[in-house]
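Reading the structure
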Amino acid sequence: MTMNTNSLIDTLRYEGRSLVRELDLLRNPFKDIGLNVAAVHILIECDKLTSITQKQLIDILKLDKSYISKLVSTLKDKNLIKITPSVQDKRKLVITLTK
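One structure accompanies this document, and this report is about it. Position labels on residues start from 1 in each chain and follow its written sequence. Under the rules for a predicted model, residues below a pLDDT of 70 receive no local features and side-chain atom pairs below 80 are neither given nor counted, while totals for whole chains, interfaces and linings still include all residues. Hydrogens and water are ignored here; the side-chain numbers use all heavy atoms of the structure.

So, on to the packing of helix α2 (residues 37-49) against helix α3 (residues 54-61). All axes are obtained by fitting lines to C-alpha atoms, using only the stretch in contact for helices, and the reported angles, taken between N-to-C directions, cover 0 to 180 degrees. Helix and strand definitions here come from DSSP, where helices need a minimum of 4 consecutive H or I residues and strands a minimum of 2 consecutive E residues; each element is numbered from the N-terminal end. Viewed as axis vectors pointing N to C, α2 and α3 meet at an angle of 115°, and their least axial separation amounts to 11 Å. The orientation of α2 relative to α3 falls into the category roughly perpendicular. Between α2 and α3 the crossing geometry is right-handed. Contact with α2, carried on its side by A38, H41, I42, E45 and L49, involves L57, I60 and L61 of α3 and no other residues of that element. Residues belonging to the contact of α2 with α3 are distributed by class as follows: six nonpolar, one polar and one charged. Angular relationships are summarised with four words: roughly parallel below 35 degrees, roughly antiparallel beyond 145, roughly perpendicular across 65 to 115, and oblique for the angles in between. Definitions for this section: a left-handed crossing has its near helix turned counterclockwise from the far helix by less than a right angle. A right-handed crossing has that turn clockwise. Residues are treated as being in contact if the distance between any of their heavy atoms lies within 4.5 Å. Basically, the charged four are Asp, Glu, Lys and Arg, the nonpolar ten are Ala, Val, Leu, Ile, Met, Phe, Trp, Tyr, Cys and Pro, and anything else, Gly included, counts as polar.

Since there are 3.6 residues in each turn of an α-helix, residues three or four apart along the chain are aligned in direction. Expected span of a helix, by definition, is 1.5 Å for each gap between consecutive residues, and there is one gap fewer than residues. The end-to-end C-alpha separation of helix α4 (residues 65-77) is 18 Å, in line with the 18 Å expected for 13 residues at 1.5 Å each. Using a 1.4 Å probe on the protein chains alone, a residue whose accessible area is under 20% of its type maximum counts as buried, one over 50% counts as exposed, and one in between counts as partly exposed. Along α4, the residues that are buried comprise I68, L71, V72 and L75. Down the axis of α4, the smallest arc covering the buried residues is 100°, so these residues share one side. Of the residues in α4, the exposed ones pointing more than 90 degrees away from the buried face are S66, K70 and D77. Looking at the packing, one finds that the buried side of α4 touches α2, α3, β2 (81-85) and β3 (93-97). Of the residues flanking the end of α4, it is N79, one or two places downstream, whose phi is positive at about 60°. Of all possible arcs, the one meant is that of the directions from the helix axis to the C-beta atoms.

We now examine the pattern of salt bridges. In what follows, salt bridge is the name for a side-chain nitrogen of Lys or Arg lying within 4 Å of a carboxyl oxygen of Asp or Glu. On inspection of all chains with the given rule, the structure shows four salt bridges. In this structure, the salt-bridge partner of D89 is R91, at a minimum N-O distance of 3.0 Å.

As a further point, take α3. Taken as a whole, α3 has its buried residues at L57, I58 and L61. With its buried residues spanning 100° around the axis, α3 presents them on a single face. Just downstream of α3, K62 is the residue with a positive phi angle, here 60°.

Written out as structure tokens, the structure reads:
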């Protein structure tokens, strides 16, 4: 695929996810515990990659930096994730599941 094709695909994915969330098209079985689909997606990515940074989440989920930050804060407050400095680069924060 060309760079333009990849960019178009990324844009379509981003817009599609935004529309699904905006219109609440997905049933959210996690609503009772105060999580939305995007927060659950963060937990899935944390589990899949063992540890992840907010920058990686932004790139993978195609969500705004401020929204990712809010979701990460919520997940931390619920003790579902922990945030620690990276061993390789203390300036970076690494997100991992607590359980």
